[in-house]
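Structure at a glance
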Amino acid sequence: MTPETTLTAAPKTAAPATEGDPLVRVRNLKMYFPIYRGVLRRQVGEVKAVDDLSFDIFRGETLGLVGESGCGKSSAGRAILRLYDVTDGQILLDGTDIAPLSGRELRRLRPEMQMIFQDPQASLNPRMTVASIIAEPLDEHRRLDRRARMERVFELMDAVGLDRDFANRFPHEFSGGQRQRIGIARALALNPKFIVCDEPIAALDVSIQAQVVNLLEDLQERMGLTYLFISHDLSMVRHLATRVAVMYLGRIMEIGSRDQLYDDPRHPYTQALLSAVPEPDPAAESDRHRIILEGDVPSPANPPEGCNFCTRCPQVKDICKRETPAFRQMSDGRFIACHLV
Amino acid sequence: MTETSMDIQPQRSQWLDVWDQFKTHRGAVIGMLFFITVCLLVLLGPHLWPIDPHTIDIRAKNQGPTLAHPMGTDQLGRDTFAQVLAGGQVSLAVGVVAMLISLFLGSLIGVLAGYFRRIDGLLMRLTDLFLALPLLPLLLVIIMLFRDTLRASFGPNAGIFILIVFVIGITSWMQTARIVRGDVLALKEQEFVLAARSIGTPPHRMILRHVLPNVLSPIMVSATLGIANAIITESALSFLGLGFPSDFPTWGRLLFDSTNFMTLNPERVIWPGLAISLTVLSVNYMGDGLRDALDPRIRGR
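Residues numbered from 1 in each chain as written. Chains lettered and ligands numbered in written order. Predicted model: local features only at pLDDT ≥ 70, side-chain atom pairs only at ≥ 80, totals over all residues. Heavy atoms only, no water.

The helix and strand inventory of chain A stands at ten helices and twelve strands. Overall size of chain A, expressed as C-alpha extent along the three principal axes, is 65 × 60 × 40 Å. Of all 341 residues assigned to chain A, the portion counted as buried reaches 55%. Look at the contacts in chain A between residues 6 or more apart in sequence, and 65% of them connect residues 24 or more apart. As presented, chain A carries roughly 14,500 Å² of accessible surface, and 47% of it is formed by carbon and sulfur atoms. Side-chain charges of chain A comprise 43 positive and 47 negative groups, with the mean position of each set lying 5 Å from the other. (Helix = DSSP H or I, 4+ residues; strand = E, 2+ residues; numbered from the N terminus. Buried < 20%, exposed > 50% of the residue type's maximum accessible area, 1.4 Å probe, protein only. Contact = heavy atoms within 4.5 Å. Areas by Shrake-Rupley, 256 points an atom, 1.4 Å probe, with all protein chains shown as cover. Lys, Arg positive; Asp, Glu negative; His and termini not counted. Charge placed at Lys NZ, Arg CZ, Asp CG, Glu CD.)

This is the structure in structure tokens:
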């Protein structure tokens, strides 16, 4: 079940991903949330938000993680950053398994990995000034005197394109795009290697989305960052990502380079998902063939036998309802969990 | 929060902003002026007003308001105005100190219960337990048990003051705890708390930096209500003969002493009652203004 990594990331930026040099290796990651019921609050089951994820993220690349709402994308991102106590599995960051760590050991590794949040309003403490928000990571991990601390805050504000005069303002005085820049500056404060972007543009205007995405790309180029870019915006992921993973009901269905996946989706779920992306060209749009899935996503507390997608798959076979498909590597390098390919 | 001595922008003290916002709340300013006046009156009044509250002048008993006794006299001829001034000292002190105790307990238990899931059940059952206790019998027992020891070690008045303040404090924190816990639970799910966790902020700094400042509003409201509650509970205790000694005037004591003479001298009930209600009202307005002024989202609007 543990796939060997020979995947080649399609290099997009000037600093190409070194082949076979993963920064983050996730192995059989499971994140189950217990369900308590009844008077005695006994555990009656668990929500399998993330079920057996295995993938690598190479240095300097952007791995796009796509899937519909509730498929476990955000839970996966948070579990990888150890914002949750994972149920099982390994998360190797630069060779160190951070899954079993806690307390001080985990805190020491926090500067290496940071997160950019979806809702720029909720991710900033309304009672703190911009300067103190950006300086919080510095206060926690660096011993800086006041002058050096402010210098660093201003440096970060310059890097994300915020006016230095804003330092003593409060988050509510800013627009969504500016707030997201504050969040990005905070994430960059400790020079992390790895950043999880949890739908960083979903709450923004389309015009602002482009600005923020360009900023993220620019920062990646300058600072050699590695992104896990969680999104349900398939066209944005196509623009930004070097490789893409498709999730459904807590599992990865297909993972491959961006071009492989968008040009030739193999997994029935990927095909259905990509068929929902509108084409900008009206001629192409008119004969776009949409695959419409029947029914609803099953509850992650009670996933179906066999393949998680078997209840809605248009090409379902008998074996799909009995056996969980293995996560296999194809000849072209991508990984797929499906009996049919 | 941040002091920037850089040349980029002139740093303005946040407390100056808070004061500017507070000034725009008219009710709060009036409330504060009134509260300051009451405090000055009860602190300085007994030194300026020539009549001692304990002087008995039996020939001038049960008088209505006159020039010599602007609030009249009681059934023993003691000057009501002097008594209201002297009683205010005790009532305000009891109100403020008991409020601080109950606020501290309530916020502590509320924040701990809301933030640490492991002790939530235990602390909330403790809160329920205190809520379910019949308050008056409990107060009776506590005061019976500890009155004499405390009086012996701190003197009669200081001893009973400590006892009353403590007893009111530990029996009135439950509402605060529940409200604060609810707010902390909601706050804990906010993304900025998650962001702080991804930075590696340890729990105690998380509480001080992110949680407490954001539950300030309910705490402020509880504080203003707490003063009123403490003053009134103290009156009830005095009425039962468990509070301060009978020759030691407080607003509550005056109120209850006067109830027997309500048909004869209705104004005797009105004066201490008015003092209690107006003080409580002014504190409420002050708390309202302060809460708004401390919230940066409202400030500057």
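Back to the text.
In many analyses, interface size is given as the accessible surface area lost on bringing the parts together. Contacts between chain A and chain B engage 35 residues on the former and 35 residues on the latter. Both sides together, the interface formed by chain A and chain B hides about 3,400 Å², and carbon and sulfur atoms give 54% of it. Notably, a salt bridge pairs Arg209 of chain B with Glu140 of chain A, separated by 3.1 Å at the nearest N-O pair. Remark: the boundary between chain A and chain B carries 15 residue pairs in polar contact (both at pLDDT 80 or more). Elements supplying a minimum of two residues to the side of chain A that touches chain B: β6 (113-116), α3 (130-141) and α4 (146-159) of chain A. Take the side of chain A that touches chain B: its biggest share by element is six residues, from α3 of chain A. Looking at side-chain class alone, the side of chain A that touches chain B contains 13 nonpolar, nine polar and 13 charged residues. (Buried area = accessible area lost by both parts, 1.4 Å probe. Salt bridge = Lys/Arg side-chain N within 4 Å of Asp/Glu carboxyl O. Polar contact = N/O pair within 3.5 Å; in protein donor to acceptor, adjacent residues only side chain to side chain. Nonpolar A, V, L, I, M, F, W, Y, C, P; charged D, E, K, R; others polar.)

This next bit is on helix α1 (residues 73-80) of chain A. All names here are of chain A. Counting buried positions along α1 gives seven out of eight residues, so the element sits mostly inside the fold. Along α1, the residues that are buried comprise Lys73, Ser75, Ala76, Gly77, Arg78, Ala79 and Ile80. Just beyond α1, the residue with positive phi is Arg82, at close to 60 degrees.

We now examine the sheet that holds strand β5 (residues 96-97) of chain A. Residues and elements named next belong to chain A. The four strands lie next to each other as β2-β1-β4-β5, forming an open sheet whose pairing is antiparallel. Every interior strand has two partners, whereas the edge strands, β2 (42-58) and β5, have only one. For strand β1 (residues 22-37) and strand β4 (residues 88-93), the ladder comprises five bridges, and the chain directions are antiparallel. When the sheet's bridge partners are listed, Arg25 is paired in β4 with Leu92. Across the sheet, α1 lies against β1, β2 and β4, angled at about 115 degrees from β1, the strand it touches most. (Pairing = 2+ DSSP bridges. Axes fitted to C-alpha atoms, helices over the stretch in contact; angles between N-to-C directions.)

Now for the confidence of the model for chain B. Residue and element names in this part refer to chain B. Scored by pLDDT, chain B has a mean of 82; 93% of the residues are at 70 or more. Below a pLDDT of 50 lies the segment residues 1-10, which in the model reaches 28 contacts outside its immediate sequence neighbourhood of four places, other chains included. Quick note on the complex model: pTM equals 0.78, ipTM equals 0.79. (pLDDT = per-residue confidence, 0-100.)

Residue and element names in this part refer to chain A. Considering the arrangement of structural elements, one finds Met31 in strand β1. Using a relative accessible area of 4% as the deciding quantity, one classes Met31 as buried. Distance from Met31 to Asp85, taken between C-alpha atoms, is 8.0 Å for residues 54 residues apart in sequence. Apart from the residues within four sequence positions on either side, Met31 is in contact with Val47, Lys48, Ala49, Val50, Ala79, Tyr84, Asp85, Val86 and Thr87.

The next point concerns the sheet that holds strand β7 (residues 194-198) of chain A. All names here are of chain A. Strands sit in the order β6-β7-β8-β3-β9-β10-β12-β11 across an open sheet of eight strands; the sheet is mixed. The sheet terminates laterally at β6 and β11 (327-329), the two strands that pair on one side only. With strand direction ignored, the average angle separating the axes of adjacent strands in the sheet is 20 degrees. Relative to strand β12 (residues 335-337), strand β10 (residues 251-257) runs antiparallel, the two being bridged by two bridges. Looking across to β12, one finds that Ile255 is bridged to Phe335. On top of the sheet, α1 reaches β3 (62-66), β6, β7, β8 (226-231) and β9 (243-248); it is set at about 155 degrees to β8, its chief contact. Strands in contact with helix α6 (residues 206-223) are β3, β6 and β8; relative to β8, the strand with the most contacts, it is inclined by about 160 degrees.

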